[in-house]
Amino acid sequence: MTEEEESGVHLPLTAEFRQQTHFLRDVIFHGKFRALTAEENTGSQHGLFFQDGQRRVDYVLTYPVREPDGGRSSIQPEHRPNENDITHNRGSQTQGGDLQTHPSSFQSSPAADVEKGHPEETFSSPEDHKAARREEFEAKLRTMGLELERDEETTIPGVGFVKIHAPWNVLCREAELMKLKMPTKKVYEVQPSSSVLKKISSFVNKVLEPLHPHVEEHQQTNIKQLSHTFSREKQHLFDCSDKDNFFDSRTRSSIVFEILKRTKCKAKYSMGITSLLGSGVYTSAYPLHDGDVNEEIAEHNDRKLLYEEWANYSVFYKYQPIGLVRKYFGEKIGLYFAWLGLYTQMLIPASLVGVIVFLYGCATVNENIPSVEICHPKNNITMCPLCDRVCSYWKLSTACGTARASHLFDNPATVFFSIFMALWAAMFMEHWKRRQMRLCYEWNLTGFEEEEDHPRADYEFKVMQKSLKMEQKSQHKIEKLTCGDRLPAYMTNLVMILLMIGVTFAIVFGVILYRISTKAALHMSSSQISRNHIQLTVKTTAAIINLVVILILDEVYGAVARWLTVLEVPKTEKSFEERLIFKTFVLKFVNAFTPIIYIAFFRGRLVGRPGRYLYVFESYRMEECTHGGCLMELCIQLSITMLGKQLIQNNLFEIGVPKLKKLIRFIRSKQAAFHGEERKQKLQRYETDHFLEPFAGLTPEYMEMIIQFGFVTLFVASFPLAPLFALLNNIIEIRLDAKKFVTELRRPVAARAKDIGIWYDILRAVAKVAIIINAFVISFTSDFIPRMVYQYMYSPDGSLHGFVNHTLSYFNVSHFEQGKETMDPLHLGYSVDVCRYKDYREPPWSSTPYDISKEFWAVLAVRLAFVIVFQNVVMLMNDIVDWLIPDIPKDISQQIHKEKILMVDLFMKEDQRKEDQRMINLREAGGSSGIEMFRRSTHAHPFTTDTNSTKTF
């Protein structure tokens, strides 16, 4: 009897017969094994092993089952999980998480017909059809060598589980096919290139010992096992004495995942596990966590160790156990946390310099001549009204607080800080390349090349639909989708992206109107307190409105980007991921930075002048910057947006949303009737993991950090404290993400990767754009250039005395347009004939009144020259940094070369050992005659080139 027959592959389709055959199969199946010991029974009860207590569960599939009363289960068989259900983020399996597909491709009735493939088959209900597809798929898995065990009598009503185990021969076969590098028996010592470096390294390790987590990877850092691509023919090179632990749980689950992806049913149009998930045959698929983390009696495992030494806020000051993270979650997730950790470390010097720049502004505020002149009590400069009719003339001295506050962020040190941050970004990128190369060496990925992934289920389904249509017409089979097939989707993408960007611009314009109207309304207020704090009230409330809109649109744009990517039907998961990342980044970047860009570069520049202001809808006068400039308002907008996104979106949402989804799944599964402690005792490991949130990929994690990187670098000239706030956020973010991965999410399938992919290109692009934006912020938004021009071109004594008066133009109040003059001309207690406004224009008594003055052109020329010089000098410095710092550390390059030599030596010794063994066998078999015959055979043709030459090989 074959294993398939013993395991009951061909089961009847009715529920009655299925239950009977399951019972008989279990009796026959367990008859092959001895009785369980107490320890084995305890292990199997935790759900990590089959019922025999010997074979480990490497993967789990779940499917809907009928309840005993014949009704439908709590998870309906025809149910299509959505974004917030069992298989979250369907179609986005880009990071090796739960197997997921997009439901939209499988909801039409032709889909079911396509998947059946056998017209002669008839089923009494959709449930029977799905049961048949499950039996067929599981039989195929058994043919591939996997061992399966079902469990329908679980404590979760309506959910059945298929536990999958990969035996040793399957693991070896797949490891060879996947070209996995495994450690050999050869061990060598990794030493610094000199004794001095060795002593320094030892001293540094002793000093930093309290900062290292208590995990094994930090115990012996100078010993490394030589690794080589696994081969069944060369198993003697590897230590296979402990076959149960040679392949760890991460590797075992990734091997089973690979088999599930490529296994197809015998039906004519079936695409394997992805299509079965999308059509509801299975509801989810995931590997198991190693064990519990919270219970004191929980056995020691990697998950519990990660929880204690990594996913814990009490160890925030320690380094991350990146090696253990990689061992448990895989290289792709390990690289993310390594990148996040390095980024957080690099923020420490940036934060220190930013705080020093801010403190310099605080220390020199009383010595700043322009703000001293504005705040001087004898200053009687009368300014023109800030709005029509309801606003009155005002004294420049009332802007004293704003001027002093602006100096905190608009001082000569900000120019130095902008240059420093540009170089900091370059150093960060170079440091990461070196760190990434070191990790690739330590994780045996130096020769790893990504192979072409399997086609996505959506892609194959579209191809099959098109193939069916063509076969009906011309009997011609379609192998792939052409650009013409995707043209409507591409056009939809372009139109929708432009529409979403237009929505962002419209909302920013609406906030502008809010500021204008609110300012006019507060000027008309009868409350003196409201009139005294108009600027602060308007700026703060507008910034908060912008924040709320940004948070809402972020979620909308994320859903729109996914929908647009699904429309394109990318062929592979990698292509899907890159297109999704690009669209999401463009939309979220525009959403986050459009209000800031408006304040930095457009506000106060499209105003006009007194007597000829610019109006929106002929009623709303365009906004002006305060006398301290728009830099202060830019700082307010930047700080509120950055802090709000970090506190609300990145932290509260990450904590609350997974817990809420877990609670919803718990209630839907009818488990709410059980008490908490009773339920914990009844649930197996695979049942507990069923309630966890499916892994949705690393795109949201990277995206929030990239946007933060933009806040830190793009407008850092206006907000030098941005690196400090980013550092404080990331200290919490690392532990928050760690806790989410360890306790809140199902265990992702380990995915190999040697870099962070497209995210590195986005980081480089943001760093380059940051240089240009900071050049324009310093030149056009701050008063750095006007102050410098005045000091060196117009100041009589080379100081800034008189700078405020130099930047103010004159206006004759009799030249106001009819109906635009103030309703209270005597607000200051006297009649005003001439008022002042900030601009470089000719006075009313000149031959060309109110025309742009020559000082304006001089300042503009210097501003443009500064942008060009700043941009080119800083980029040149960045290129020098790139050139000076090699991408591959010298010691890593030497170790890679050493490993190649050791590997060649190992193979040569192995060949020599085989040769000696062959000689011994021949000697034992035929004595000296056998040896002589062997020598003659080895020196015979074709190695002899001619009678006079020596024998060559």
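Predicted model only: the values in this text are computed from it and were never measured.

Calculation rules
- Residues numbered from 1 in each chain as written.
- Predicted model: local features only at pLDDT ≥ 70, side-chain atom pairs only at ≥ 80, totals over all residues.
- Heavy atoms only, no water.
- Pairing = 2+ DSSP bridges.
- Helix = DSSP H or I, 4+ residues; strand = E, 2+ residues; numbered from the N terminus.
- Axes fitted to C-alpha atoms, helices over the stretch in contact; angles between N-to-C directions.
- Contact = heavy atoms within 4.5 Å.
- Buried < 20%, exposed > 50% of the residue type's maximum accessible area, 1.4 Å probe, protein only.
- Polar contact = N/O pair within 3.5 Å; in protein donor to acceptor, adjacent residues only side chain to side chain.
- Salt bridge = Lys/Arg side-chain N within 4 Å of Asp/Glu carboxyl O.
- Disulfide = S-S within 2.5 Å.
- Expected span 1.5 Å × (residues − 1).

Peer 1: I'd like a description of the sheet that holds strand 1 (residues 59-64), backed by residues and values.
Peer 2: The strand order across the open sheet formed by 4 strands is 2-3-1-6, and the pairing between neighbours is antiparallel. Single-partner strands in this sheet number two, and they are strand 2 (147-151) and strand 6 (284-286). Averaged over all neighbouring strand pairs, the angle between strand axes comes to 20 degrees, with direction disregarded. With 3 bridges connecting them, strand 1 and strand 6 associate as antiparallel partners. Looking across to strand 6, one finds that Val60 is bridged to Tyr286. Packed onto the sheet, helix 5 (residues 126-143) meets strand 1, strand 2 and strand 3 (159-165) and runs at close to 145 degrees relative to strand 2. Where helix 9 (residues 249-262) meets the sheet, its contacts fall on strand 1 and strand 3, and the angle it forms with strand 1 comes to roughly 50 degrees.

Peer 1: Just give me the short version of the environment of Tyr615, but keep the residues and values in it.
Peer 2: Within the secondary structure layout, Tyr615 lies in strand 11 (residues 615-616). The class for Tyr615 is partly exposed, based on a relative accessible area of 23%. With residues near it in sequence (within four places) discarded, Tyr615 still touches Asp388, Tyr620, Arg621 and Lys820. Polar side-chain contacts of Tyr615 include one of 2.5 Å to the side chain of Asp388.

Peer 1: For the pattern of salt bridges, give the residues involved together with the corresponding values.
Peer 2: All told, the structure shown has 33 salt bridges when counted by the stated rule. For Asp58, the salt bridge is made with Arg252, and the minimal N-O distance between the two is 2.8 Å. Of the two residues, Asp58 is situated in the loop between helix 3 (38-45) and strand 1 and Arg252 in helix 9; the sequence distance between them amounts to 194 residues. Arg252 gets classed as buried once you look at its relative accessible area, which sits at 5%. For the salt bridge of Lys909 with Asp905, the shortest nitrogen-to-oxygen distance reads 3.4 Å.

Peer 1: Can you explain the environment of Ala520? Please cite residues and give values.
Peer 2: With respect to the helices and strands, Ala520 occurs in helix 18 (residues 483-523). Among the residues examined, Ala520 registers a relative accessible area of 24% and is labelled partly exposed. In the structure, Ala520 is positioned 100 residues away from Tyr620 in sequence and 9.6 Å away in space, judged by C-alpha atoms.

Peer 1: Explain the state of the cysteines to me, and be specific about the residues and the numbers.
Peer 2: Put plainly, two cysteines are in a disulfide when a covalent bond ties their sulfur atoms together. Tallied over the full model, the rule gives 3 disulfides. There is a disulfide in this structure between Cys375 and Cys400, and the S-S distance comes to 1.9 Å. With the S-S bond torsion at 100 degrees, the cross-link from Cys375 to Cys400 turns out right-handed. On the criterion of sequence distance, the pair formed by Cys375 in helix 14 (residues 369-375) and Cys400 in helix 15 (residues 400-409) is long-range, its members being 25 residues apart. A relative accessible area of 24% places Cys375 in the partly exposed class. Disulfide partner of Cys384: Cys835, at an S-S distance of 1.9 Å. Negative torsions about the S-S bond denote left-handed disulfides, and the value of about 85 degrees found for Cys384 with Cys835 makes this one right-handed. Taken together, the residues span a long stretch of sequence, with Cys384 in the loop between strand 7 (382-383) and strand 8 (394-395) and Cys835 in strand 14 (residues 834-838) at a distance of 451 residues. On the basis of relative accessible area, Cys384 is assigned to the buried category, the value being 5%. Here Cys835 falls in the buried class, since its relative accessible area comes to 0%.

Peer 1: Run through the side chain of Thr822, naming residues and quoting values.
Peer 2: Tracing the backbone through its elements, the reader meets Thr822 in the loop between strand 13 (808-812) and strand 14. On the accessibility criterion, Thr822 (9% relative accessible area) is buried. At 2.7 Å, the side chain of Thr822 forms a polar contact with the backbone oxygen of Cys391. Here the side chain of Thr822 touches Asp824 through a polar contact of 3.2 Å, landing on its backbone nitrogen. Every residue in contact with Thr822, bar those within four places of it in the chain, is listed here: Pro385, Arg389, Cys391, Ser392 and Tyr393.

Peer 1: Give a detailed account of unusual backbone geometry, specifying residues and quantitative values.
Peer 2: Glycine aside, a negative phi is what most residues show, and trans is what most peptide bonds show. You will see that Lys179, though not glycine, has its phi angle at about 55 degrees, which is positive. Relative to the elements of secondary structure, Lys179 occurs in the loop between helix 6 (168-177) and strand 4 (181-189).

Peer 1: Can you tell me about helix 30 (residues 854-884), naming the residues and giving the values?
Peer 2: Between its first and last C-alpha atoms helix 30 spans 45 Å; for 31 residues at 1.5 Å apiece the expected length is 45 Å, and the two agree. If you check which residues of helix 30 are buried, you get Glu855, Ala858, Val859, Arg863, Phe866, Val867, Phe870, Val874, Asn878 and Val881. Lining the buried residues of helix 30 we find helix 16 (412-442), helix 27 (758-781), helix 28 (784-794) and helix 29 (803-806).

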